Amino acid sequence: MIPPLTLVDVGSVLDGASGFIAYPLVFLLAMIPLIEPFVVIPVAIGLGFDPVLTGLAAFGGSVTAVVAIVLAGHRLRAWWTNRSGSTPDDPAESDEDSTADDPDDGSSGRYERARRVGERYGLVGLALAGPPLAGLHLMAVVGAAIGPDDRSTIGWLTAGLAVWTALLVAGSVAGLSALESVFVG
């Protein structure tokens with residue numbers, strides 16, 4: 001069994017990378033649930049990677065994951081519609097004994113937070129608040145469910161990821177500079 005990647009493992013994987021292979025690793029690590037850009041960007045910048053290239057690689061990995069999830073959601077909805085003749089969220093087709101609102105059905109708190117943000121603030125609110133609240137993968141699942149179409153869903157989620165990537169890069173650079181000034185300067 002492969003152990004899950006932890007913050008220390010991300011650092012050791014990136015620290016062992018050199019040259020050209022380092023940024024494709026950032027791209028791939030940004031696609032992995034629970035690592036995402038929120039872990040890989042600060043670790044990579046802390047290890048001395050170029051902040052702009054790190055941000056671009058992490059952003060590319062994140063957007064790739066979001067696009068794949070949204071398009072898969074579209075295909076799943078089309079398959080369900082063809083199979084059952086109704087949309088997955090059609091209230092006329094829901095069963096009275098459905099466990100969709102049952103708190104013991106195993107749904108995660110992160111998914112519920114993302115769903116509530118999406119219902120309250122729409123796709124734009126989900127795109128801006130979703131990544132830190134629920135992670136980009138759950139944000140993409142909820143966005144695919146509530147978005148009017150794939151193009152606008154992908155567009156808004158990409159814009160939200162661009163904002164969070166820029167904030168993470170700027171925050172990581174500022175934090176590293178502050179630490180260096182305290183301990184070196």
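Here we summarise the structure given alongside this text. Model, not experiment: these values are computed from the prediction. Position numbers for residues count from 1 along each chain, tracking the sequence in the order it is written. Local features in a predicted model are, by the rule used here, given only for residues with pLDDT of at least 70; side-chain atom pairs are given and counted only at 80 or more, and totals for whole chains, interfaces and linings are based on all residues. Only hydrogens and water are set aside when side-chain values are computed; all heavy atoms of the structure are taken into account.

A word on the overall build of the protein
Looking only at helices and strands, the protein has seven helices and zero strands in total. A run of H or I in DSSP counts as a helix once it spans at least four residues, and a run of E counts as a strand once it spans at least two, with each numbered from the N terminus. Listing the helices and strands of the protein from first to last along the sequence gives α-α-α-α-α-α-α. In this scheme, a residue with accessible area under 20% of its type's maximum is buried, one over 50% is exposed, and one in between is partly exposed, where area comes from a 1.4 Å probe on protein chains only. A buried classification covers 32% of the 185 residues belonging to the protein. For the protein, contacts bridging at least 24 residues in sequence account for 69% of all contacts bridging at least 6. Each accessible area value is a Shrake-Rupley result obtained with a 1.4 Å probe; residue values ignore everything except the protein chains displayed when judging cover. Carbon and sulfur atoms provide 65% of the accessible area of the protein, an area that totals close to 10,900 Å². Two residues form a contact once any of their heavy atoms are found within 4.5 Å.

Side note on helix α6 (residues 136–146)
Listed as buried for α6 are Leu-136, His-137, Met-139, Ala-140, Val-142, Gly-143 and Ala-144. Against the buried residues of α6 lie α2 (22–31), α3 (36–46), α4 (51–84), α5 (109–134) and α7 (150–183).

What about the packing of α4 against α6?
For helices, the fitted line uses only the C-alpha atoms of the stretch in contact; every axis is such a line through C-alpha atoms, and the angle between N-to-C directions lies from 0 to 180 degrees. α6 packs onto α4 with a crossing angle of 35° between their chain directions and a minimal axis gap of 9 Å. Between α4 and α6 the crossing geometry is right-handed. Touching Ser-62, Ala-65, Val-66, Ile-69, Val-70 and Arg-77 of α4 are Leu-136, His-137, Met-139, Ala-140, Val-141, Ala-144 and Ala-145, all from α6. Its residues assigned to classes, the contact of α4 with α6 comprises ten nonpolar, two polar and one charged. Should the near helix be turned counterclockwise from the far one by less than a right angle, the crossing is left-handed, whereas a clockwise turn marks it as right-handed. When residues are grouped by polarity, Ala, Val, Leu, Ile, Met, Phe, Trp, Tyr, Cys and Pro land in nonpolar, Asp, Glu, Lys and Arg in charged, and all others, Gly among them, in polar.

What to know about the environment of Gly-171
One can find Gly-171 in helix α7. In this structure Gly-171 comes out as partly exposed when scored by relative accessible area, which is 41%. Spatially, the C-alpha atoms of Gly-171 and Pro-42 are 8.3 Å apart, while their sequence positions differ by 129 residues.

Structural notes on the side chain of Glu-36
Considering the arrangement of structural elements, one finds Glu-36 in helix α3. Here a polar contact is taken to be a pair of N or O atoms separated by no more than 3.5 Å, where protein atoms must pair a possible hydrogen donor with a possible acceptor and residues adjacent in sequence count only if both atoms sit in side chains. There is a polar contact of 3.2 Å between the side chain of Glu-36 and the backbone nitrogen of Leu-136. Those residues in contact with Glu-36 that lie beyond four places of it in its chain are Leu-29, Ala-30, Arg-110, Gly-135, Leu-136 and His-137.

Things to note about unusual backbone geometry
Notably, Leu-34 is not glycine yet its phi reads approximately 75°, a positive angle. The backbone of Glu-36 shows a phi angle near 45°, a positive value even though the residue is not glycine. Take Glu-36: its relative accessible area is 5%, and that puts it in the buried class.

Observations concerning the nonpolar core
Take the buried Ala, Val, Leu, Ile, Met, Phe, Trp, Tyr and Cys residues and link them wherever side-chain atoms come within 4.5 Å; each set so joined is a nonpolar core. One finds Val-10, Leu-14, Val-26, Val-40 and Ile-41 to be the most contacted residues of the largest nonpolar core, which totals 19 residues. Looking at this core, the elements that each hand over two or more residues are α1 (7–16), α2, α3, α4 and α7. In terms of residue count, the dominant contributor to this core is α3 (six residues). Beyond its immediate chain neighbours, meaning those up to four positions away, Val-26 contacts Leu-14, Val-40, Ala-44, Phe-49, Thr-54, Ala-57 and Ala-58.

Section: the packing of α3 against α4
The geometry of α3 relative to α4 is characterised by a closest axis approach of 10 Å and an angle of 160° between their N-to-C directions. Regarding the angle of α3 to α4, the classification is roughly antiparallel. Both α3 and α4 take part in a crossing whose hand is right-handed. Along its contact with α3, which presents Pro-37, Val-40, Ile-41, Ala-44 and Ile-45, the element α4 presents Pro-51, Thr-54, Ala-58 and Ser-62. Roughly parallel here means an angle under 35 degrees, roughly antiparallel means over 145, roughly perpendicular means 65 to 115, and every remaining angle is called oblique.

Limitation: the analysis is restricted to geometry and does not speak to function.
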